[in-house]
Amino acid sequence: MSIVDAVMWSVHVGFAVLWTGSVLFVALALVPPATRGDVGSDALAAVIGRLRWITRIAALAFLATGGHMAGTLYTVESLTGTGRGHLVLTMLGLWFLITGLVEVASGKLLDGLETGKLREPARDAKPFFYGAAALSVGLVLTAGLLANPFGA
């Protein structure tokens, strides 16, 4: 493994941990109290704004690092014809889905907060955040299978 490969892998995993952890934190620790009105609107808006930025910056990092890794480790045939390739494609699909869910959920929540509401927008965003959280767990499990040195 070259130094560039090691850096790409480390940046990729670092952003994955930050992003999936942030999605899970928001979905499991912030959304439930927000639906009860137990969280301040300004604090919630700040955290959701930060999650959006993490999501967008992570997308750029994943594009660069994942693109590098896919380009150096796989061919079209190995991506579409092997178990490891299928795991990579599964991770790609999960990444797109989670990103979309986070964007929709955060948009619903922030739009509602701008109108002075808290509980209703939190309830509207909740299924999207929960879906993103569930898919994040799937993403981590898929990454674990891909990291398995005994193959997939």
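Please read all numbers here as calculations on a predicted model, not as lab measurements.

### As for the overall build of the protein
Consideration 1: Looking only at helices and strands, the protein features five helices and zero strands.
Consideration 2: When the helices and strands of the protein are read in sequence order from the N terminus, they spell out α-α-α-α-α.
Consideration 3: Seen through its principal axes, the protein has C-alpha atoms that stretch 50 × 25 × 20 Å.
Consideration 4: Every one of the 152 residues in the protein was classed for burial, and the buried ones make up 36%.
Consideration 5: Partitioning the intrachain contacts of the protein with sequence separation of at least 6 by distance along the chain shows that 79% fall at a separation of at least 24.
Consideration 6: When the accessible area of the protein is evaluated, it comes to approximately 8300 Å², of which 70% is carbon and sulfur surface.

### Notes on the pattern of salt bridges
Consideration 1: For the structure shown, the criterion picks out four salt bridges.
Consideration 2: The residue E120 makes a salt bridge to K117 at a minimum N-O spacing of 3.7 Å.
Consideration 3: Three or more residues are tied together by salt bridges with common partners; here these are R52, R56 and E103.

### Quick notes on the packing of helix α2 (residues 41-73) against helix α4 (residues 83-114)
Consideration 1: Packing of α2 against α4 brings their axes to within 10 Å, and their N-to-C directions diverge by 155 degrees. In terms of their interaxial angle, α2 and α4 are classed as roughly antiparallel. As for how α2 packs across α4, the hand of that crossing is left-handed. Residues S41, L44, A45, I48, L51, R52, T55, R56, A59, F62 and L63 of α2 lie in contact with α4, whose contacting residues are W95, T99, V102, E103, S106, G107, L109, L110 and L113.
Consideration 2: Among the residues forming the contact of α2 with α4, the class breakdown is 12 nonpolar, five polar and three charged.

### Points about helix α5 (residues 119-147)
Consideration 1: The end-to-end C-alpha separation of α5 is 40 Å, in line with the 42 Å expected for 29 residues at 1.5 Å each.
Consideration 2: Of all the bends in α5, the largest measures some 40 degrees and sits at K126, one to four residues before the proline P127.
Consideration 3: For α5, the set of buried residues is P121, A122, A125, F129, A132, A133, S136, L139, T142 and L146.
Consideration 4: Looking at the buried positions of α5, the neighbouring elements they touch are α1 (3-36), α2 and α4.

### Digging into the layout of surface pockets
Consideration 1: By volume, the largest pocket amounts to about 950 Å³.
Consideration 2: In terms of lining residues, the largest pocket is bounded by 31 residues, among which H12, G66, M69, M91 and L146 are the most central.
Consideration 3: Residue assignment for the lining of the largest pocket shows that the elements contributing at least two residues are α1, α2, α4 and α5.
Consideration 4: Across the lining of the largest pocket, the residue classes break down as 23 nonpolar, six polar and two charged.

### A closer look at the side chain of T35
Consideration 1: Within the fold, T35 resides in helix α1.
Consideration 2: Residues contacting T35, with those up to four places away along its chain left out, are R119, A122, R123 and K126.

### What to know about the UniProt feature "transmembrane region" (unreviewed entry) in the protein
Consideration 1: Following the UniProt record, the feature "transmembrane region" (unreviewed entry) maps to residues 6-32, 53-74, 86-106 and 127-147 here.
Consideration 2: The distance separating the terminal C-alpha atoms of residues 53-74 is 30 Å; by composition the span is 95% helix and 0% strand.

Calculation notes
- Residues numbered from 1 in each chain as written.
- Predicted model: local features only at pLDDT ≥ 70, side-chain atom pairs only at ≥ 80, totals over all residues.
- Heavy atoms only, no water.
- Helix = DSSP H or I, 4+ residues; strand = E, 2+ residues; numbered from the N terminus.
- Buried < 20%, exposed > 50% of the residue type's maximum accessible area, 1.4 Å probe, protein only.
- Contact = heavy atoms within 4.5 Å.
- Areas by Shrake-Rupley, 256 points an atom, 1.4 Å probe, with all protein chains shown as cover.
- Salt bridge = Lys/Arg side-chain N within 4 Å of Asp/Glu carboxyl O.
- Axes fitted to C-alpha atoms, helices over the stretch in contact; angles between N-to-C directions.
- Parallel < 35°, antiparallel > 145°, perpendicular 65-115°, else oblique.
- Left-handed = near helix turned anticlockwise from the far one by under 90°.
- Nonpolar A, V, L, I, M, F, W, Y, C, P; charged D, E, K, R; others polar.
- Expected span 1.5 Å × (residues − 1).
- Bend = angle between axes of the 7 residues up to and from the residue.
- 1 Å grid on protein atoms, 1.4 Å probe; cavity = no way out; pocket = protein on both sides within 12 Å on 5 of 7 lines; lining within 4 Å.
- Points joined across faces, edges and corners; volume = space filled by probe spheres on them.
- UniProt positions renumbered as here; feature names shortened; annotations may be inferred.

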